[in-house]
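Topology and contacts: notes
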Amino acid sequence: MNTSRSRGNRWRTAALAVLLTTGAFTVSSPTAQGDSARTETAVATSGGVTETLVRVKLPLPASFGARPAACDWLSYLRYRSADGPAAPAAADRVLIAQPGILEGAGAFDSVARNTVARAAEQGRHIEFWALDRRSNCLEDRTGIASGDQHTAVDYYYRGKQVQGRTFAGFAGNDELGWMARLGIEQTVRDEYDLLTAELPDPGVRQDKVLCGGHSLGGVVTGYFATADFDGDRATTADAGHNQCAGWFALDTTVSTSLGDLSGSIPDDADLPDVGLGYGVVQAGLDSGLFPRSLSAPVLLNPETMTLLTIAGVGALQDPGGEADLPSYLPANTNIEATNRFLFSKDIAAFLTGSPGVKDFRLTTQAVLGALMDDQSVPLAFLQSSVGFFDGGPVTDKNFPAANGSSSQPGLFGTEYKAIPAVPHGPLYTWRTYDRVGDPDDPGYLSSDGTPFTDVGKEVTDIQELARSMAAQPLDFTEQYFPTKLVTDLELSTSPQVKRLVVHPDGLTANPTLTVLAGDGLLAGRVPAGLHPVVADGYQHLDVLTAAPVQNNGRPEPVSTALTEFARSPR
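Read on for a plain summary of the structure. (Residues numbered from 1 in each chain as written. Predicted model: local features only at pLDDT ≥ 70, side-chain atom pairs only at ≥ 80, totals over all residues. Heavy atoms only, no water.)

The biggest cluster of nonpolar side chains holds 141 residues, and the ones touching the most others in it are F128, F224, L250, M372, V558 and L562. Considering every element that reaches this core, the biggest residue donor is helix α10 (residues 302–317), with 7 residues. Apart from the residues within four sequence positions on either side, L562 is in contact with L95, V111, T115, F128, F248, L250 and L513. In terms of nonpolar packing, the next biggest core, distinct from the first, is built from 11 residues, L60, C71, C137 and Y480 among them. (Core = buried A, V, L, I, M, F, W, Y, C linked by side-chain atoms within 4.5 Å. Buried < 20%, exposed > 50% of the residue type's maximum accessible area, 1.4 Å probe, protein only. Helix = DSSP H or I, 4+ residues; strand = E, 2+ residues; numbered from the N terminus. Contact = heavy atoms within 4.5 Å.)

Right under this line is the structure:
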């Protein structure tokens, strides 16, 4: 820290979403698991928090068909107090978190550490389990794990071996047939099976476990809360709401509707879905006509998710060094189009490619900031508040949406965007969150005189973000998000999905903590009666990534709220 401060019809919507997605997929060789049904591997211990990687063998039903052996395992990152009990059942509380869309377990790294550490300061030992979705079994982190940016690029793009392994490449949709049925039913079943395997005593689960998630993870938690896992609604020991002592929602709500996240009309206002839409979508997934993994031609696909992580490697490796990643990457249509989308100041620059990212001198930190900061990246659900450009003049980034436009889509957020102004000029560095507003801060203004940022809106340490992205054994981003999971949730009024909500009272059977980002997905439209804790100035990802001490000198509010909820949720 700086010492100067203490500081629509739903099935049509779903089908359209599937039809518009395309796929490029990475398949990795399965990790050798041996004969054990459970493995736990040390990751790191720091700041009094011990992190391990846990894998539990919980095979899919045979009906899912052929899949890599690694996909019969579930994985999570386990964070616990270094001075606490080794057995999770002996902990004072266990928090288990579902990730959001295109998000992996690594995204919870900061909030997990902050929460465990804060509780330990108060003499209590809690655990935080960050879940990975089963489809993340396909990710190959060999190049990332090298810790060297050039080695990672060579591994993923030039066929060079790392530790005797060669990247299998980007595979087609035909290799992901098993994912055609990886929807909400299997996702909540995975959580139940993992919980009961790791904490077999039902009394421990009902008394000590808090279940929740971030973003889409709140909706997954809602389905978990209302689920019945033995097929007999009259027996409730297996009901989802009896596996947890409480619910928590991080910039989301615990519900069985996407309406809260999308701002759409309630599900029951739609015409009833008699299941035809569900059947059409499922047939498309089964046949391969629809992609089984959610992807887009640029920006959101396995290749670009890998690029984000590689950028994190560079920032960890040499944060102040001049980046050569844009020029070291191979030239292909996906990378070029993504670079233009992210680093064009206006439509002319996007169409011509000039000036482009290769025309600017940037540190590795500035590259990561340009890819993840709320004053840079256009997509709101990818934004965090990690500081601002420094070292040279900046200008407004008016693509894909103009700054200050009243018609700016919610997808892009409301923050003014900036971009370096001088190609082939100064070395652009990165001003970290805790240096914004310092005496030497230029205080950059947009063309209409609006400050791009201020000290109250910067909350995440870019190096902590880089660590979460590049130094975790499970990804921050998600390369293979199951299309069926999102189509199931969009088709929530169909009989095939409605039948999964067996115990609707489960949503209110336990106390709930809702923590919202002040500038996040629900900003300005908080559902009535929710009474959330609001983290002012936070973006959607900041609820996971914020630094333990904020610029006002106070402890980080999300982990503070989770710690207090864990003390006594009832």
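Additional details are given in the paragraphs that follow.
Here α10 crosses helix α14 (residues 364–372) at 145 degrees, and the two axes come no closer than 8 Å. Like other packed secondary-structure pairs, α10 and α14 cross with a definite hand, here left-handed. On α14, the residues that touch L308, A311, G312, G314 and A315 of α10 are T364, Q365, V367, L368, L371 and M372. (Axes fitted to C-alpha atoms, helices over the stretch in contact; angles between N-to-C directions. Left-handed = near helix turned anticlockwise from the far one by under 90°.)

By the element assignment, S146 lies in the loop between α3 (142–145) and α4 (149–157). When sequence neighbours within four positions are dropped, the list of residues in contact with S146 reads T151, A152 and V162. In this structure the side chain of S146 is engaged in a polar contact, spanning 2.6 Å, whose partner is the backbone oxygen of G143. (Polar contact = N/O pair within 3.5 Å; in protein donor to acceptor, adjacent residues only side chain to side chain.)

Per the stated rule, a full pass over the model turns up 14 aromatic pairs. Taking the centre distance of 5.1 Å and the plane angle of 80 degrees together, the rings of Y156 and F167 count as edge-to-face. Pair noted here: Y156 is in helix α4 and F167 is in the loop between α4 and β7 (170–171), with a separation of 11 residues, a long-range link. Note on F341 and F399: the rings are 6.0 Å apart at their centroids and 75 degrees apart in plane angle, and the pair reads as edge-to-face. A residue pair is termed long-range when its members are at least 10 positions apart, and F341 in helix α12 (residues 333–342) and F399 in the loop between β13 (394–396) and β14 (418–420) qualify at 58 residues. Here F341 matches F399 in class, with each residue buried. (Phe/Tyr/Trp six-rings, centres within 6.5 Å; stacked < 30°, edge-to-face > 60°.)

Our focus in this paragraph is the pattern of salt bridges. Scanning all chains against the criterion turns up 28 salt bridges. Among the ionic pairs, D475 bridges to R141, the shortest N-O distance being 1.8 Å. One end of the pair, D475, is in the loop between α15 (462–470) and β16 (481–482); the other, R141, is in the loop between β6 (126–131) and α3, with 334 residues separating them in the sequence. With respect to class, D475 is no different from R141; both count as buried. One salt bridge in this structure joins R499 and E185, with 3.0 Å as the shortest N-O distance. Of this pair, R499 sits in the loop between α17 (495–498) and β17 (512–517) while E185 is found in helix α5 (residues 184–198), placing the two residues 314 residues apart along the sequence. Looking at E185, the relative accessible area reads 42%, which means it is partly exposed. Look at the salt bridges and you will find they share partners, linking R38, E40, R78, E127 and E198 into a network. (Salt bridge = Lys/Arg side-chain N within 4 Å of Asp/Glu carboxyl O.)

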